[in-house]
Amino acid sequence: MHGGVEITKRVWRAAQLRRMPLWIGGALPWLVIPSGPGLLAWAGWCALDWVKLRRRVAYEWPAWLDGAVPEMEDSAALLDAADTPIARLQQQRLFARLDAAVSRQQLRQIARQHVSSGLPILLVSAVLAGMVWYATTRPAQEGAVSPPSPVSSATAATLAGLTLKLAPPAYTGVAASTSAPRDLQVPEQTVVTWCLTGGTGGNNKIELGNGETLEPGEQCARWTATESVVWRWRGARHTLRVIPDAPPEITISAPTQMIQDLRDNATGTTMTVQVKDDYRITRATLHMTLAQGSGENVRFTDREMPLPASNNPKLRNWSKTWALSELAMEPGDELYFFVRATDNAGRAQTVQSPTYTVRRPAPEQEAEEESAAMPSLVKPASLRSQRQIIIDTEQLIADMRNTKLAAADVRDRSERIGDDQAQLRRRYGQFLGEESTLFGEEAAKAPRAAEKPDEEEGHEGHDHAPGGHDHDHAHGEPNQRKGGIVNETQQILATYGHAHDEAENATMYDEGTKKVLRRVLVAMWDAEKSLRAVTPKSALAPEHKALEAIKELQQAERIYLHKTAFTPPPIKEEKRMTGEMDGAASYRRTQGEQAATLPEELRTLVQALSGEAALPALWMRTANDWVRTRLAEDEQRLAAQRAIQDVADGCIACRPVLRAWLRSGAGQGQVLLQAKTSVDTAFARRWRESADGAAKP
């Protein structure tokens, strides 16, 4: 292998010597001019050419040796690698004859044959150098005949002497700096100072994009940066972006849920808080409230503790595992806590996190005793909606997939969701007459005592003779008359009334609504069975079906309210039942006109910008005020300020751009639909039919 590396180096050395005159000769014209950029560009090209030549030699040197040296026997590639025993034998033979077969003269011939001298490239470099020399010397010669005007020289000197001094607020900790005119980013409330250090001749006004004009002279011009602006001075335009002071950001990593229910055997709870700010956090506190007792005997205990500072003033990380005894939490207690943070801005910004709740469940026996002893203190349980049940189920499935939950935790959470589904199912079951069971078993078991006596009485007084009823017997038997009246009453109730002995018929809902309610209950029951069986994934489909059915019920309710909300106009009594419509008030409501979204002066400006007409007076103030108040994003506001300056300079082609920015500040226009009345007469119909017939071939 060492012999292969050696022959590769020898071939590469020969190729470099072949290319070296080109690399050196191409740099000579740029050294003669002299031209630093040209020399730098030539050096870059030489580096690229060196890399390409290196890559070419690395891939093609075996073919070069095989074509130029017959002693290689077309096996020069074996000098680099040999995998088989025969190949290694041939490799040893080639190593033995390598020094005698490949000499320096042969390597130079191989390099001359496969590597070009690059003479055309050398000529191109010389021509480009001559063109650059001619272009740089011609203005100097013309300048000797016609020297530049003193105004231009003064302007150039003044532009070179303009400096910006930036003094950020002290609370940011950013040091003051001095800069040349360029695009800058500064904190909010930074004092920007423009100073002239070399001459004051010419127009030294500084035009800000918000419409303000500053003129530095012997004294510097100052401006407090409260918004991002575009500023220019003698045609040079720059951007000054203002970074607003962001309020502190609070992140609570533990507990992971807003309401955390501790397990029965839990001994502690963990709180993890992170507070960040862009400059400094002056104060961060944890506020805890412990609720103990029940009913009217609830006691609240407040506690506040500061979060310790860290080495980084912009960041505070705090985590602690509290023992329940340290928090004084007893079974049945609830702990509410939130974090409040304040930064060091000039106007301090205080942020408060959402309130988290940690619950310690009470023993079941105590809960039953309390509900039995003091029924007046029992509060109605709040039902979770079907959407919340779906969210809880999806969260359980995600936790089972991403984290390794214990089987007891999975069963506990699944059964809790099943309990919520059961409570919601019983709540919807009440609309079908259910009391405490799924399909109204108690109502179905109700005895029909009222029907049996009536039926017996009716049969006793009924004549079953083939000839029909015996009227004399009917008049003589009071039971028969009573039975006939009862049978007739039952027929009327069966036709026009409700059968109140059935649970579903004990409601006032129509049959369509009852079908949807049955679908809701069946889907909820399927979801509850899957949750009880600790298979939450199979419970998602029926849960979604139940939610869709509930939405269908809500939509049906909306349609019903929409129909009943219409109140027709009153009709005079003398007009009723006459068929006369003259003088009757129309029930059609007039459509409101579109509200004016643009002020009058801005609307005039937008119309003037659509052409080449003269712009109204004080149009720049109108445009700047509109842009400042309506465009919230910095990029849009800066682009609109550039368009205002261009239009002020007399750019006709820039007017549509400014017009578009002004119109975009008005937001999405309101679209009003107005129906058009049309009269269709017999003559018009015949005319259309004849026209259609003539159009057909």
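Residues numbered from 1 in each chain as written. Predicted model: local features only at pLDDT ≥ 70, side-chain atom pairs only at ≥ 80, totals over all residues. Heavy atoms only, no water.

1. Re the overall build of the chain
The secondary structure content of the chain amounts to 21 helices and 18 strands. Within the span of the chain, comprising 697 residues, buried residues form 30% of the whole. Residue pairs at least 24 apart in sequence account for 65% of intrachain contacts in the chain once pairs closer than 6 positions are excluded. In the structure as shown, the chain presents an accessible area of about 45300 Å², 54% of it carried by carbon and sulfur atoms. (Helix = DSSP H or I, 4+ residues; strand = E, 2+ residues; numbered from the N terminus. Buried < 20%, exposed > 50% of the residue type's maximum accessible area, 1.4 Å probe, protein only. Contact = heavy atoms within 4.5 Å. Areas by Shrake-Rupley, 256 points an atom, 1.4 Å probe, with all protein chains shown as cover.)

2. A closer look at a positive patch on the surface
On the surface, a cluster of positive charge is contributed by Lys-9, Arg-13, Arg-104, Arg-108 and Arg-112. Where the positive patch is concerned, the elements lending two or more residues are helix H1 (2-32) and helix H4 (104-114). In terms of residues, the positive patch owes the most to one element, H4, which gives 3 residues. Its relative accessible area of 41% is what places Arg-108 among the partly exposed residues. (Patch = residues over 30% accessible without salt bridge, like charges linked within 9 Å, V, L, I, M, F, W, Y side chains within 5 Å. Salt bridge = Lys/Arg side-chain N within 4 Å of Asp/Glu carboxyl O. Lys, Arg positive; Asp, Glu negative; His and termini not counted. Charge placed at Lys NZ, Arg CZ, Asp CG, Glu CD.)

3. Observations concerning the state of the cysteines
Considering all chains together, one arrives at 2 disulfides under this definition. Residue Cys-195 pairs covalently with Cys-220 via a disulfide, S to S 1.9 Å. Judged by the torsion about the S-S bond (120 degrees), the Cys-195/Cys-220 disulfide is right-handed. Here the residue Cys-195 occupies a position in strand E4 (residues 190-196), and Cys-220 occupies one in the loop between strand E6 (213-214) and strand E7 (221-225), the gap between them amounting to 25 residues. Among the residues examined, Cys-195 registers a relative accessible area of 4% and is labelled buried. (Disulfide = S-S within 2.5 Å.)

4. Overview of the packing of aromatic side chains
Scanning all chains against the criterion turns up 7 aromatic pairs. For the pair Trp-12 and Trp-50, a centre-to-centre distance of 5.6 Å together with 75 degrees between the ring planes defines the contact as edge-to-face. A residue pair is termed long-range when its members are at least 10 positions apart, and Trp-12 in helix H1 and Trp-50 in helix H2 (residues 36-68) qualify at 38 residues. (Phe/Tyr/Trp six-rings, centres within 6.5 Å; stacked < 30°, edge-to-face > 60°.)

5. Concerning the sheet that holds strand E12 (residues 268-276)
Two modes of strand pairing occur in sheets, parallel and antiparallel, and in both the strands are linked by backbone hydrogen bonds. Strands sit in the order E10-E12-E15 across an open sheet of 3 strands; the sheet is antiparallel. At either margin of the open sheet sits one strand with a lone partner, and together these are strand E10 (249-254) and strand E15 (315-323). When strand polarity is set aside, the average angle formed by the axes of neighbouring strands in this sheet is 15 degrees. Two elements, E10 and E12, share 5 bridges in a ladder whose sense is antiparallel. Considered in E12, the bridge of Ala-254 is made with Thr-272. (Pairing = 2+ DSSP bridges. Axes fitted to C-alpha atoms, helices over the stretch in contact; angles between N-to-C directions.)

6. Things to note about empty space enclosed by the protein
Here the idea is plain: a probe the size of a water molecule rolls over the atoms and shows the empty space left. Tallying each qualifying case throughout the model produces 2 cavities of 30 Å³ or more. Size it by volume and the largest cavity reaches roughly 40 Å³. What lines the largest cavity is simply Gly-209, Asn-210, Glu-227, Asn-624, Val-627, Arg-628, Arg-637, Gln-641 and Ile-644. Residue assignment for the lining of the largest cavity shows that the elements contributing at least two residues are helix H18 (619-630) and helix H19 (634-648). Here the lining of the largest cavity is built from residues that sort into 2 nonpolar, 4 polar and 3 charged. Within this model, the second largest cavity holds a volume of roughly 30 Å³. (1 Å grid on protein atoms, 1.4 Å probe; cavity = no way out; pocket = protein on both sides within 12 Å on 5 of 7 lines; lining within 4 Å. Points joined across faces, edges and corners; volume = space filled by probe spheres on them. Nonpolar A, V, L, I, M, F, W, Y, C, P; charged D, E, K, R; others polar.)

7. A word on the nonpolar core
Residues Val-11, Leu-53 and Val-57 are the most contacted members of the largest nonpolar core, which totals 26 residues. At 9 residues, H1 tops the list of elements feeding residues into this core. For Leu-53, the residues in contact, after removing those within four places along its chain, are Trp-12, Ala-15, Arg-19, Trp-23 and Val-115. Core analysis: the next-biggest nonpolar cluster, separate from the first, contains 24 residues, Leu-286, Trp-322, Ala-341 and Val-358 among them. (Core = buried A, V, L, I, M, F, W, Y, C linked by side-chain atoms within 4.5 Å.)

8. Topic: the sheet that holds E4
Taken in spatial order, the 4 strands make up an open sheet running E2-E1-E4-E7, and their pairing is antiparallel. Each edge of the sheet is formed by a strand with only one pairing partner; in this case those strands are strand E2 (177-179) and E7. The sheet shows a mean angle of 25 degrees between the axes of neighbouring strands, taken without regard to direction. Here strand E1 (residues 162-167) pairs with E2 via 3 bridges, running antiparallel. Residue pairing across strands places Leu-166 opposite Ser-177, the latter belonging to E2.

9. Considering H4
Those residues of H4 not exposed but buried are Leu-107, Ile-110 and Ala-111. Seen end-on, H4 carries its buried residues on one side only, within an arc spanning 100 degrees. (Arc of directions from axis to C-beta.)

Keep in mind that these numbers describe shape and distance, not what the molecule does.
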